[in-house]
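Now for the letters of each chain:
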Amino acid sequence: MEKTQFKYEVPGTKEERLMLRNNIRSFIKEQTITPPVSMDLLSDMAMQLIHKRALDTTIKGWLMVELNNAVWFDTVASIPHHKRILLLPKCLSNSSSCKADIDELGLLCNMCNHCNIPDLQTRAEELGMMSLVAEGFTSVVGLVEGGVVDAVIGVSCLDSLEKAFPLLINNAVPGLAIPLNEDGCKDTTVDENYVYRIMGMKSEQTANLLNYDLLKSTIKNWFQPENLSKVLSPLDDQTSTIARQWMGGDGKRWRPYLLAATYMAISGKNEIPEKVQRAAIAIECFHKASLVHDDIQDDDLTRYGKETVNAKYGVPIAINVGDMYLGEGYRLLAQCDHMRLIKVASDAHIALCKGQGMELEWSESPQALHMDYVLDIFKHKTVPAFEVSLLIGSLCANDQEGTRQILSKYSNALGIAYQLKDDIEDFETDDPLSIRPSAVLAAICEANTDELFVHSLLHTEDLKGFLQSEDHAGILEGALVRVQDMVDSYHKEALDLINQITNTELKRLLFRVTGRILK
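First things first, this report covers the structure right here in the doc. Along each chain, numbering runs from 1 in the same order as the chain's sequence is written. Local features in this predicted model are restricted to residues of pLDDT 70 or higher, and side-chain atom pairs are both shown and tallied only at a pLDDT of 80 or more, whereas totals for entire chains, interfaces and linings draw on every residue. In computing side-chain values, all of the structure's heavy atoms are included and hydrogens and water are not.

### A closer look at the overall build of the chain
- A run of H or I in DSSP becomes a helix once it reaches four residues, and a run of E becomes a strand once it reaches two; helices and strands are each numbered from the N terminus. What the chain contains, in helices and strands, is 23 helices and eight strands.
- The globule rule is 2.2 Å times the number of residues to the power 0.38, and the radius of gyration it is compared with is taken over C-alpha atoms. Against the globule reference of 24 Å for 519 residues, the chain gives a C-alpha radius of gyration of 26 Å, in line with a compact fold.
- Taken over the C-alpha atoms alone, the chain extends approximately 75 × 60 × 45 Å along its principal axes.
- Relative to all contacts within the chain whose residues are 6 or more apart in sequence, the contacts with residues 24 or more apart total 74%.
- In these tables, accessible area is a Shrake-Rupley quantity obtained with a 1.4 Å probe, and a residue counts as shielded only by the protein chains included in the view. Accessible surface computed for the chain: about 24100 Å², of which carbon and sulfur atoms make up 50%.
- For the charge count, each Lys or Arg is scored as positive and each Asp or Glu as negative, with His and the chain ends excluded. A charge is said to be at NZ when it belongs to Lys, at CZ for Arg, at CG for Asp and at CD for Glu. Treating the 51 positive side-chain charges of the chain as one cloud and the 73 negative ones as another, the clouds have centres 8 Å apart. We call two residues contacting when some pair of their heavy atoms lies within 4.5 Å.

See below:
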């Protein structure tokens, strides 16, 4: 993916900046773009403007910031002032006369009126906005994620924005950034009238930004014993007891979260109906079944630092527990009165079994790997884990077929990018490797025509020796670079698909999901 480069120039005069901002607003209205947007799209739009208006390429970074502002204007205007925060840089102060103290949060202005910071903070207070004088946007992302504020209006130099902008984009924060008129760490200036106008923006409509952090605690309660006793089969036998214990144990609940968050984003509701809760628990049942069965097939004795079911109770009981999870999952989906939910889940289940089968077949008789074969395993084994949650969440919200088609393609791109990234991390760690179909191993095989050399890599000890040998460092480096390029390509494809969605909340969710999974 293209790296952001904001170390460009700011248009030299206030008149020029005003004219360009007007041009940008007109340009965005013509595009009918829904926020948030990716860095790549902002870069493309900036270049379109540069070519259309015969502008100097040195202002590209400034244009990207202002384009992002134009995309978010209406949303930020619809967020109440008390849910916004104004972030100002210390360099706006008068360095020769400023006597303000600085604490862990930032500058504590003493309102000496030797710069324009007091006026800006006073206006923010009059509007009911919070304000903070600190460097960078990192300090306010936690406030946004915690639900303290919903939008950020920040003044900063382009150099700082280069570091902070991806953070705002990946977290899909409704934010407006006003670049300083010059670089430098002291005695800078900003178009004050523009800042005041942005601070005062107000829409007749009120934004409905959903609280996904609250959802996390809600989902945690779904898997407490008292709630599981209401939705799962009674505890009157050993298998049910073991299954219940493992279901209520530790876990990120990523799949239930993704399903419920998708429902919230599409429906626009913070309340989760019972059918969505049951569907989310069903998805976790399927996930637990796959983990139990995987541990048996791989003869794993620990998972997340604890004994696996097969290690603690034996393989026969573990098989039975995994099968019970499958039965519970389909029983819960049947209670949702939506037959398509069962079809989506069964399609994902079948795909997962095929992918696992391909991996087991290769592991029994390892041979030179081809990238297409590895990607096919990923499409069957990894992609359904994302797709099933997104599609069932969409179906529960009765969304349109077109959105589900985009979500399927997005799941494919995200799932493959995630697994490719995981393969890279496996080869960069010092932990012992087990031989399995891997994109990095496929890249090594395809880059070498020596069949004896390739065959020697298909045994664990020989592969470890290869990785530890300086003579082969170039081969491994080339393979890692190739796979990383593939990660970047699939990452870009996922973001391009998100850009096709017109629901702001769904786009915000998917941007956050993508940023966290591929961070």
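Here the narrative resumes.
### Some points on the pairing of strand β5 (residues 151–156)
- Counting buried positions over the six residues of β5 gives six, a clear majority of the element.
- Side-chain alternation along β5 places A151, I153 and V155 on one buried face and V152, G154 and S156 on a second face that is also buried.
- Of the pairings in the sheet, the one linking strand β1 (residues 84–88) to β5 comprises four bridges and is parallel in character. Directly across from I85, in β5, lies its bridge partner V152.
- Note on handedness: a crossover is taken as right-handed if, strands pointing away from the viewer, the path from the first strand over the helix to the second is clockwise. Viewed along the sheet, the connection from β5 through helix α6 (residues 158–170) into strand β6 (residues 175–179) turns out right-handed. The buried label goes to any residue with under 20% of its type's maximum accessible area, the exposed label to any with over 50%, and the partly exposed label to all in between, with areas taken from a 1.4 Å probe on protein chains only. Pairing between strands requires that DSSP locate at least two bridges from one strand to the other.

### Digging into the pattern of salt bridges
- For this analysis, a salt bridge means a side-chain nitrogen from Lys or Arg found within 4 Å of a carboxyl oxygen belonging to Asp or Glu. All chains considered together, the criterion is met by 20 salt bridges.
- As a salt-bridge pair, K288 and E284 come within 2.9 Å of each other at their nearest N and O atoms. In this pair, K288 and E284 are both assigned in helix α12 (residues 274–298), four residues apart and thus about one turn of the helix distant. One exposure class covers both K288 and E284, and it is buried.
- The closest approach of N and O atoms between R436 and D426, which form a salt bridge, is 2.6 Å. One end of the pair, R436, is in the loop between α18 (401–428) and α19 (439–446); the other, D426, is in helix α18, and 10 residues separate them in sequence.
- Judged by relative accessible area, D426 falls into the partly exposed class, the value being 23%.
- Salt bridges sharing common partners tie together R17, R21, E66 and D191.

### Focus: the nonpolar core
- By nonpolar core is meant a set of buried Ala, Val, Leu, Ile, Met, Phe, Trp, Tyr and Cys residues that side-chain atoms within 4.5 Å join together. Of all hydrophobic cores here, the largest spans 160 residues; its most connected members are I392 and L420.
- Excluding its chain neighbours within four sequence positions, the residues that come into contact with L420 are L375, F378, A439, V483, M486, V487 and Y490.
- Residues I85, L132, V152 and L168 belong to the second largest nonpolar core, which totals 10 residues.

### Some details on the sheet that holds β5
- Here we have four strands laid out as an open sheet, ordered β4-β1-β5-β6, and parallel in their pairing. Strands with a single pairing partner mark the edges of an open sheet, and in this sheet they are β4 (130–133) and β6. Taken pair by pair, the neighbouring strands of this sheet meet at an average axis angle of 15°, ignoring direction.
- Across four bridges, the pairing between β1 and β4 is parallel. For every element, the axis is a line fit to its C-alpha atoms; helices are fit only across the contacting stretch, and the angle between N-to-C directions ranges from 0 to 180 degrees.

### With respect to the packing of aromatic side chains
- Between 30 and 60 degrees the pair is tilted, below 30 it is stacked and above 60 it is edge-to-face, where a pair is any two Phe, Tyr or Trp rings, Trp via its six-membered ring, whose centres lie within 6.5 Å. A complete count under the given rule lists three aromatic pairs for this structure.
- Each ring, one from W254 and one from Y257, has its centre 5.8 Å from the other, and the planes form 20°; the classification is stacked. Of this pair, W254 and Y257 both sit in helix α11 (residues 254–267), separated by three residues, roughly a single helical turn.
- Owing to a relative accessible area of 27%, W254 belongs among the partly exposed residues under this scheme.
- When the ring of F386 is compared with that of Y418, the centres are 5.9 Å apart and the planes differ by 75°; the resulting orientation is edge-to-face. With a gap of 32 residues between them, F386 in helix α17 (residues 383–396) and Y418 in helix α18 connect regions that are remote in the sequence.
- Assessed through its relative accessible area of 34%, Y418 is described here as partly exposed.
- A cation sits over an aromatic face here: R253 above F223, 4.4 Å from the ring centre.
- The lysine or arginine in question, R303, covers the ring of Y304, its NZ or CZ lying 5.7 Å from the ring centre. Here, a charge over a ring is recorded when the distance from Lys NZ or Arg CZ to the ring centre is within 6 Å and its angle to the ring normal is within 35 degrees.

### Concerning the environment of L420
- Summarising the element assignment, L420 is placed in helix α18.
- The sequence separation of L420 and L210 amounts to 210 residues, and the corresponding C-alpha distance is 31 Å.

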